[in-house]
Amino acid sequence: MGRLFIISNRLPVTLSVEGDKISATASSGGLATGLSSFYKDAGGLWFGWPGISFDDVDAETGRKIEELLINEHQCGAVKLTEEDLENYYYGFSNKTIWPLSHYFTNHTVFDNDLWKAYKRVNQKFCDTVVEEIGDDDVIWVNDYQLMLLPNMLRQKLPHASIGYFHHIPFPSFELFRLMPWRREILQGLLGADLIGFHTYDYVRHFLSSVRRILGYENILGTVSSGYRTTKVDAFPMGIDYEKFHKATKMPEVKHELDKIWQQVGDRKIVVSIDRQDYTKGIKDRLEAFHIFLHRYPEYKEKVSLIMVTVPSRSQVPSYADLKSEIDELVGKINGEHGTLGWMPIWYHFRSVPFPMLIALYSFADIALVTPLRDGMNLVAKEFIATRPTERDGDVGVLIISEMAGAEKELGEAVIVNPFDHDSVADSIARALRMPAEEQRRRIIPMQERLKRYDITKWAGDFLQTLEDIKSQQNRLYSKKLSGRLRQDMFERYGKSSKRLFLLDYDGSLKHLEDNPMQATPDDEVLEILSAITSDEKNELVIVSGRDRATLDEWFGNLQAGMIANHGAWLKHKGQEWEMLEPLDNEWMKNLRPIMQLYVDRTPGAELEEKEFSLVFHYRRAVPEMAHVRVSELKDDLRTMTTSLNLGILEGSKVIEIKNTNINKGNSGLRFINKAEWDFVMAVGDDWTDEDMFTVLPGNSYSIKVGLVPSTAKYHLNDVDAVRDFLKNLLGLKS
Ligand code: GDG
């Protein structure tokens, strides 16, 4: 394994430049803590924006900044300008992706200029990092600001291990489909080998969008996107448990606790801490607290809500509006319920230092964490970690929204729907009355869970999975035909005098088109095929699932053999078409009406009748419905087909019923057995080509197009690589 590089929008280091003086302050945020030991030990760097705009930074200062970051923090700067920040960060990231992913369509802006900036800045990240990163390194890209980066990196570093973690929710297909650039974004992510989300719900949503928008299926979370595979899984992010648990003993925290005690005395405290963001449900929380004050007057002067909201993204209009709405609501509630000696809500619009944060977590009786939608929510986990379960008495209660990802791991908390203000109000009263024994019973298992799967475990788990995927690829997948292997093959080609080429067409020599009728051979492919046939030492066979007429029309002028209909028909060079074996298609009469019925019940599906097979196409049908129908249909057909020597073949969004003897292997053998070849090369990209690979003589070159599991010995990345390879082999290119 190579070095490890982390990439995120923000570096875990913030720069300040005053005249000649440049300084950098390291952040103690969760991600920085979790990842630092990994990338530092592995000799890599963390790349991201260091918090200053680079518009006015001259070359000399830029160089000093780079030295400081690299020498003291093992970091590299991505130099963003004011315009980048405005349009990529505050723009597309926070006016488009963030609100849409949190189900706030009313705040979502679709603007082509912002999208262009997002693409441009993702490319800037790519250009900055590829100067440092090698093809055998490991790269971990973080979060929604960089969704195009995995594929941009993949184009430059085809063999690097690339992981991507998404820290926010992935919305359901119904929401994601609204995004005008949905295809590009999904393709961008699928450049990664591993994509991680906080919860299985987000994994499901992502896989469903990939299936419906791009048409790529997955098996147990591994998506096959043409020539590559990507594993998608859930890795719920943890916290630095020990740091939070032990922090309550710090003298600075004790000092802060004394100060709070002097102000609050033995009043009960409800605490609420978040960035000022409309997704966090701050207004709804205030409404619920207001109802609580009305409904439970016995708590008058006995309970206060301490609410810390940290200023955030104030350049974005929807955030600025929120500030005045919250100010107004706090004023209204305090005005209505406050007394001379008691303020129901203590509202702080600022970030508090770490010791104060811990003092608030540990002083509070209740944490009220009620986001309307939240990828994970670390505040809830941090509150649990600070609770002093070692001593007797009250240990506190967490009230958490069912819309936060963290709720999945904190099932013992009091769980609420944040939109149901009445029930949140009742939950506050319930928490205030909860017996100490019940509080402990709930908190202790949550603490144990968070201690086990902490931030280091989380990061280690993600990286281990990425490493496993790479070694699986190296073990399972065929070897790339490059370097020495390629040279050896060229040499053998030169020395041989009786050579056979079995070349699949669609997906191997020609890119797959959405409309298969547009796959007519272009000049380049015809030039390659003619070059093969013009050497009398060569025999070419074009292998295809297409029918005889199409192959004749496209390749009839070439001196080549052909295999049509996946092997049902074959034709030797200069001769007539012949059937692989006498085939009977009487069975079609019986099966056609059954399949037609399924087609009629599945909008978007089609029945294709080939000469010797019936094909049920469901590419355009709603995937979930098609899945149900296909399994029902297979069940129905299975009983009928076994007695008729028919097989059900499943392809990409098709099932085909045909005679079991028909395949590219059996027809390929007719050519293989014809002569003593001293050089055999077969190229194919899909499952039907596997039959051909398995019948080849031992010393043949079987080549799979794409990096996916195969019985072939070698692989080439895609159609362009196949063409390039053949041109070099044939001397069409030096
Ligand atoms: C995004 C996703 C996901 C907050 N106020 C203060 C302060 N904080 C610290 C907390 C916590 C962090 O900030 C906030 O993390 P959250 O997870 O709660 O929320 P987001 O910022 O929205 O984070 C979220 C997360 O990414 C990780 O993947 O969980 O769903 O939206 O660590 O302690 N720290 C200090 N003073 C404050 O006033 N010192």
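In every chain, residue numbers begin from 1 and rise along the written sequence. Local features in a predicted model are, by the rule used here, given only for residues with pLDDT of at least 70; side-chain atom pairs are given and counted only at 80 or more, and totals for whole chains, interfaces and linings are based on all residues. With hydrogens and water set aside, each side-chain value is computed from the structure's full complement of heavy atoms.

Caption draft 1: Expanded view of the overall build of the protein chain. Counting its secondary structure elements, the protein chain contains 25 helices and 30 strands. Judged by the C-alpha coordinates and their principal axes, the protein chain covers about 105 × 65 × 45 Å. Only protein chains enter the accessibility calculation, which uses a 1.4 Å probe; a residue whose area is less than 20% of its type maximum is buried, one above 50% is exposed, and one in between is partly exposed. A total of 734 residues make up the protein chain; the buried ones form 56% of that total. Across the protein chain, the fraction of contacts at a sequence separation of at least 24, relative to all contacts at a separation of at least 6, is 71%. Here the protein chain holds 89 positive side-chain charges and 108 negative ones, and the gap between their average locations is 2 Å. Here a helix means four or more residues in a row that DSSP labels H or I, a strand means two or more in a row labelled E, and each is numbered from the N terminus. Contacts are assigned to residue pairs that have any heavy atoms within 4.5 Å of one another. For the purpose of counting charges, residues Lys and Arg are taken to be positive, whereas Asp and Glu are taken to be negative. His and the chain ends are not included. The location of each charge is read from NZ of Lys, CZ of Arg, CG of Asp or CD of Glu.

Caption draft 2: Broad picture of unusual backbone geometry. With phi around 65°, E301 is a residue other than glycine that occupies positive phi space. Structurally, the position occupied by E301 is in the loop between α11 (282-295) and β13 (303-310). Phi is positive for R313, close to 45°, though the residue is something other than glycine. Since its relative accessible area comes to 12%, R313 is described here as buried.

Caption draft 3: The arrangement of the site of the ligand in detail. Around the ligand sit 20 residues in total, of which H167, V352, D374, M376 and E382 are the nearest. Pairs of N or O atoms are called polar contacts if they sit within 3.5 Å, as long as, within protein, a hydrogen donor faces a hydrogen acceptor (for residues adjacent in sequence, only side-chain-to-side-chain pairs). Within the side chain of R275, one N or O atom sits 2.8 Å away from an oxygen atom of the ligand. For the ligand, an oxygen atom lies 2.8 Å from a polar atom in the backbone of L378. In the complex, the protein chains occlude 79% of the 740 Å² of accessible area that the ligand would expose alone. Counting residues per element, the ones that place at least two in the shell around the ligand are β12 (268-275), α13 (354-363) and α14 (378-386). Split into classes, the residues belonging to the shell around the ligand amount to 11 nonpolar, five polar and four charged. A domain split of the shell around the ligand shows at least three residues from each of domain 1 (4-234) and domain 2 (241-452). One heavy atom within 4 Å of a molecule or strand is enough for the residue carrying it to be called near that molecule or strand. Methods summary: accessible areas were calculated by the Shrake-Rupley approach with a probe of 1.4 Å, and residue burial reflects only the protein chains presented. Note that Gly is not counted as nonpolar here; it falls among the polar residues with everything else outside the nonpolar set of Ala, Val, Leu, Ile, Met, Phe, Trp, Tyr, Cys and Pro and the charged set of Asp, Glu, Lys and Arg. Reported domain spans reflect what an automatic or database domain assignment gives.

Caption draft 4: Representation of the side chain of S508 within the structure. Residue position: S508 is located in the loop between β19 (499-504) and α19 (523-534). By relative accessible area, S508 is classed as buried at 0%. Reaching out from S508, the side chain makes a polar contact with the backbone nitrogen of D685 at a distance of 3.2 Å.

Caption draft 5: Spatial organisation of the pairing of strand β3 (residues 21-26). When DSSP finds two or more bridges between a pair of strands, those strands are recorded as paired. By the bridge criterion, six bridges tie strand β2 (residues 13-18) to β3 in an arrangement that is antiparallel. Directly across from T14, in β3, lies its bridge partner T25. In textbook terms, the turn of a hairpin is the stretch between consecutive antiparallel strands, and for β2 and β3 this stretch comprises two residues, one of which, G19, has a positive phi near 60°.

Caption draft 6: Layout of the domain arrangement of the protein chain. Domain boundaries assigned for the protein chain yield domain 1 (4-234), domain 2 (241-452), domain 3 (483-582 + 662-730) and domain 4 (587-659). A C-alpha centroid distance of 40 Å is found between domain 1 and domain 3. Taken together, the contacts link five residues of domain 1 with nine residues of domain 3. For domain 1, the biggest contributors to the area lost against domain 3 are H159, Y227 and T229; these three give 81% of the whole. What makes a salt bridge here is a side-chain nitrogen of Lys or Arg within 4 Å of a carboxyl oxygen of Asp or Glu, nothing more. In this assembly, domain 1 and domain 3 are joined by zero salt bridges. On the surface where domain 1 and domain 3 come into contact, there are zero residue pairs in polar contact (both at pLDDT 80 or more). Of the residues that constitute the side of domain 1 that touches domain 3, the class distribution is two nonpolar, two polar and one charged. In short, buried area is how much 1.4 Å probe accessible area vanishes from two parts on joining, totalled over both.

Caption draft 7: Structural view of the packing of α14 against helix α16 (residues 436-452). The geometry of α14 relative to α16 is characterised by a closest axis approach of 9 Å and an angle of 110° between their N-to-C directions. Relative to α16, α14 is oriented roughly perpendicular. Crossing handedness for the pair α14 and α16: left-handed. Note on element contacts: α16 touches α14 through I443, M446, Q447 and L450, opposite K381, I384 and A385. Here the residues of the contact of α14 with α16 sort into five nonpolar, one polar and one charged. Interaxial angles span 0 to 180 degrees and are taken between N-to-C directions of axes, which are lines fitted to C-alpha atoms, for helices over the stretch in contact. An angle below 35 degrees is treated as roughly parallel, one above 145 as roughly antiparallel, one from 65 to 115 as roughly perpendicular, and anything else as oblique. Each crossing gets its handedness from the near helix: less than a right angle anticlockwise from the far helix is left-handed, clockwise is right-handed.

Caption draft 8: Looking closely at the packing of helix α4 (residues 112-130) against helix α5 (residues 149-156). One way to put it is that α4 packs onto α5 with a least axis distance of 9 Å and a crossing angle of 40°. As judged from the angle between their axes, α4 and α5 are oblique. The two elements α4 and α5 meet at a crossing, and its hand is right-handed. Within the contact between the two elements, α4 uses K119, N122, Q123, F125, C126, V129 and V130 and α5 uses L149, M152, L153 and K156. Of the residues contributing to the contact of α4 with α5, the split by class is seven nonpolar, two polar and two charged.

Caption draft 9: Region of the structure containing the pattern of salt bridges. Counted according to the given criterion, the structure contains 55 salt bridges. A salt bridge links E217 to R211, with the nearest nitrogen and oxygen atoms 3.3 Å apart. Shared partners join several salt bridges into a network, and the residues in it are R211, R212, E217, E624 and K653.

Caption draft 10: Geometry of the sheet that holds strand β29 (residues 701-705). Strand order in the open sheet formed by nine strands is β18-β30-β29-β28-β19-β20-β21-β22-β23, with mixed pairing between adjacent strands. Each of the sheet's edge strands pairs with one partner strand only, and the pair in question is β18 (479-480) and β23 (577-579). Pairing between strand β22 (residues 569-571) and β23: three bridges, direction antiparallel. Paired with K571 across the strands is W577, a residue of β23.

Caption draft 11: Expanded view of the environment of Y701. Relative to the elements of secondary structure, Y701 occurs in strand β29. The spatial distance from the C-alpha of Y701 to the C-alpha of P445 is 57 Å, given a sequence separation of 256 residues. Within the structure, Y701 has its side chain in polar contact with the side chain of R492 (distance 3.3 Å).

Caption draft 12: Structural detail: the nonpolar core. In plain words, nonpolar cores are sets of buried Ala, Val, Leu, Ile, Met, Phe, Trp, Tyr and Cys residues tied together by side-chain atoms within 4.5 Å. Core analysis: the largest hydrophobic core is formed by 97 residues, its most contacted members being I7, F206, L286 and F292. If you tally residues by element for this core, the top one is helix α3 (residues 82-101), at eight residues. Built from parts of two domains, this core gets at least three residues from each of domain 1 (4-234) and domain 2 (241-452). Non-local contacts of F292, meaning those with residues more than four positions away in its chain, are made with Y299, V303, A425, I428, A429 and L432. Grouped together as the second largest cluster of nonpolar side chains are 44 residues, F490, L509, M562 and L716 included.

Caption draft 13: Up close: helix α23 (residues 664-672). Buried within α23 we find K664, G665, S667, G668, F671 and I672. End-on view of α23: buried residues confined to an arc of 165°, all on one side of the axis. Looking at the packing, one finds that the buried side of α23 touches β19, β20 (538-543), β21 (561-564), β22 and α24 (690-694). In this description, the arc belongs to the directions extending from the helix axis to the C-beta atoms.

Caption draft 14: Spotlight on the sheet that holds strand β15 (residues 366-369). Here six strands make up an open sheet; going across it, the order is β14-β13-β12-β15-β16-β17 and the pairing parallel. Each edge of the sheet is formed by a strand with only one pairing partner; in this case those strands are β14 (345-348) and β17 (414-416). Between one strand and the next, the sheet's axes are offset by a mean angle of 20°, whatever the strand orientation. Note that β12 and β15 share two bridges and pair parallel. Pairing of V271 across the sheet is with A367, part of β15. Running at roughly 160° to β15, helix α15 (residues 421-433) makes contact with β12, β13, β15, β16 (397-401) and β17 of the sheet.

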